[in-house]
Every structure is written in structure tokens, then in C-alpha cells.
Amino acid sequence: MKRQPVHHKRALLFFIVPFGLLFAAFYLVPIGYAIKQSLYRVERTGTFGPAREVFGGLAQYQRVFSDGPFWESIGRVLIFGIVQVPVMLGIALLLALLLDSGLVRGRRFFRLAFFVPYAVPGVVAAIMWGFLYSPNLSPFTAVTSNWDLLSADLVLWAMANVVTWVYVGYNMLIIYSSLLAIPQETYEAARLDGAGAIRTAWSIKIPLVMPAIVLTTVFSIIGTLQLLAEPQVFRTFSSAVSSTYTPNLTVYSTSSIPNFNLAAAFSVVLALATCALSFGFLKLTQRRGSEL
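Computed from a predicted structure; not experimentally measured. (Residues numbered from 1 in each chain as written. Predicted model: local features only at pLDDT ≥ 70, side-chain atom pairs only at ≥ 80, totals over all residues. Heavy atoms only, no water.)

1. What about the packing of aromatic side chains?
- Here the structure, examined in full by the defined rule, presents 17 aromatic pairs.
- Ring geometry for Tyr118 versus Tyr170: centroids 4.7 Å apart, planes at 25 degrees, classification stacked. Placement of the pair is Tyr118 in helix α4 (residues 107-119) and Tyr170 in helix α7 (residues 155-180), with a sequence separation of 52 residues.
- You can call Tyr170 partly exposed: its relative accessible area is 25%.
- An aromatic cluster is built from Trp129, Phe131, Tyr133, Trp165, Phe234 and Phe237, whose rings are joined through pairwise contacts. (Phe/Tyr/Trp six-rings, centres within 6.5 Å; stacked < 30°, edge-to-face > 60°. Helix = DSSP H or I, 4+ residues; strand = E, 2+ residues; numbered from the N terminus. Buried < 20%, exposed > 50% of the residue type's maximum accessible area, 1.4 Å probe, protein only.)

Written out as C-alpha cells, the structure reads:
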């Protein structure tokens with residue numbers, strides 16, 4: 001088949017060039033600068049001499065890979081994600097199916113009500129839930145007096161509850177939008193075959209919205225490894241949250257010393273780990289989809 005010539009090339013450039021410039025300025029340039037910073041180290045002449053940056057090669061990366069607390073924080077957020085992400089997306093899927101089922105009256109109200117927590121900034125949500133968890137401040141003393149939700153054993157899952165509360169509505173809206181795109185003829189054919197509401201949801205709706213579920217899962221994996229606002233706020237409520245509790249908190253604490261070169265190396269390694277997990281999950285889902 002002969003390829004048709006592309007007309008209006010100037011119009012294409014009009015749309016592509018602004019995106020390319022912004023993408024380079026706010027994505028490629030910061031990444032390149034972080035990689036450059038990670039290859040340098042600070043030297044001083046004497047104890048109180050002036051600091052100067054010198055090329056250090058992979059010295060900062062050697063410190064990263066030998067930093068035990070950093071890798072413990074990565075393991076901690078991986079455990080967090082293994083539990084929290086399926087629970088959050090399961091609730092989001094259930095809410096989206098309920099809104100799409102026609103059994104719920106006032107769908108506009110509930111759609112907005114489920115989404116409202118996402119409009120609350122993460123820091124504000126963490127402060128609000130931190131007060132609710134605090135034994136001396138919480139109105140739910142029957143719970144906080146029996147379970148210390150800010151203890152070392154439970155504070156991670158207390159933060160998981162905050163993240164779930166904030167992002168369930170956001171993920172629900174993505175899945176619900178995908179459900180609305182399913183043609184009504186598909187449902188009519190299912191009804192003619194005798195499929196009920198549960199059977200239709202399980203055999204038709206969920207498989208057809210699987211791309212949206214995969215998308216929200218990738219977003220959730222990225223967000224899990226970038227967990228920062230919640231642990232940073234919870235440090236003021238709980239001594240169990242250290243300055244290296246999550247990878248992003250480690251980066252923030254290291255840059256506050258300040259040691260920007262080591263913080264840049266932490267950031268590069270964290271970015272690579274995030275890309276590896278995200279693309280690994282996409283490849284896994286694509287492989288399973290091709291096998292079905």
C-alpha cells in the first residue's frame with residue numbers, strides 16, 4: 001500500500017515544537033542535570049576550607065549501593081505497594097462498577113463525593129489523619145487507646161490508609177470513564193444471552209476496562225516509590241518515622257544536609273528503579289494478554 005504524503009507539515013510542527021521544548025526544559029534537562037551532579041563530589045582544603053566540587057566518577061553511586069537505610073526504605077515501600085495498591089484499585093474498581101450498574105441513585109453526587117478527597121492536598125490530608133491517629137487528640141479514643149496507629153508496627157499502614165483515602169476517587173474516575181466508553185450493544189447482547197449484572201461485570205466490564213486498570217496500576221507503582229508528603233508529615237506525630245523511612249524522604253533529607261551530589265545519585269537510582277518496575281509490570285501484563 002502506497003504511503004500518502006504528509007501535508008500541512010508546518011501545522012504539525014506548530015503542535016509538536018512547543019511540547020518538545022517544554023518536555024526538554026522540564027524533563028530532559030533536570031534529568032541530565034541530576035546525572036551530572038551525581039558524578040561530582042565536594043572537597044575541602046583543611047577542616048574549615050572553602051568547598052569545591054570535583055569530578056568523582058561513580059563514587060556517589062558506590063555510597064548509594066552501600067547505604068543500608070536507603071535499600072531498607074525501598075523494601076519498605078515495596079511491601080507498602082504490594083498491599084496498598086491492590087486494595088486501593090480493588091475499591092476503585094468496585095465503586096466504578098457500582099456507579100455504572102444503574103443500581104445507585106444520585107450517581108453525579110456519589111461520583112463527586114468519591115473524587116473530593118483527591119482535591120485535598122496530600123500534606124493537608126496527612127495532617128488531618130495524623131490528628132485522628134494521635135491518642136491525645138483523636139475523637140476516636142476507643143480505637144486509638146487500644147491500637148497505637150503511630151507505632152513502628154502500624155504507622156506504615158496508617159499512611160497506607162491516607163494514600164488510599166486520597167487516591168481511590170482519582171483511580172475510580174479513570175476506570176469509570178473507561179466503563180462509559182463500552183458500547184451499549186455489548187450489554188444488550190449479554191442480556192439476550194441471559195447474563196446477570198454480576199456475570200456481566202465479571203466477564204464483560206472488567207476485561208474491557210483492563211487497560212485502564214493497568215494504567216492506574218502503573219501510576220500507583222510510580223506514586224508508591226515517590227512517597228514523600230505522608231511520611232514527612234507523620235515524622236511530627238511519630239518517632240517511628242525516620243529521615244530515611246522512604247526513598248524520597250532519604251533524598252529530601254540528604255539534600256537538606258546539604259549534600260546535593262549524593263541526593264542526586266539517590267534520585268537517579270530511584271528513577272531507574274521506578275522505570276524498571278513500571279516497564280516490568282507493563283511487559284508482564286502485555287505477555288499475559290498475548291497468551292490469553
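After presenting the structure, the write-up continues.
2. Here's the deal with helix α5 (residues 122-133)
- The end-to-end C-alpha distance of α5, which contains 12 residues, comes to 16 Å, matching closely the 16 Å that a straight helix rising 1.5 Å per residue would cover.
- Along α5, the residues that are buried comprise Ala125, Ala126, Trp129, Gly130 and Tyr133. The buried residues of α5 all sit within an arc of 135 degrees when viewed along its axis, so they share a single face.
- Contacts made by the buried residues of α5 are with α6 (141-144), α7 and α11 (229-234). (Expected span 1.5 Å × (residues − 1). Arc of directions from axis to C-beta. Contact = heavy atoms within 4.5 Å.)

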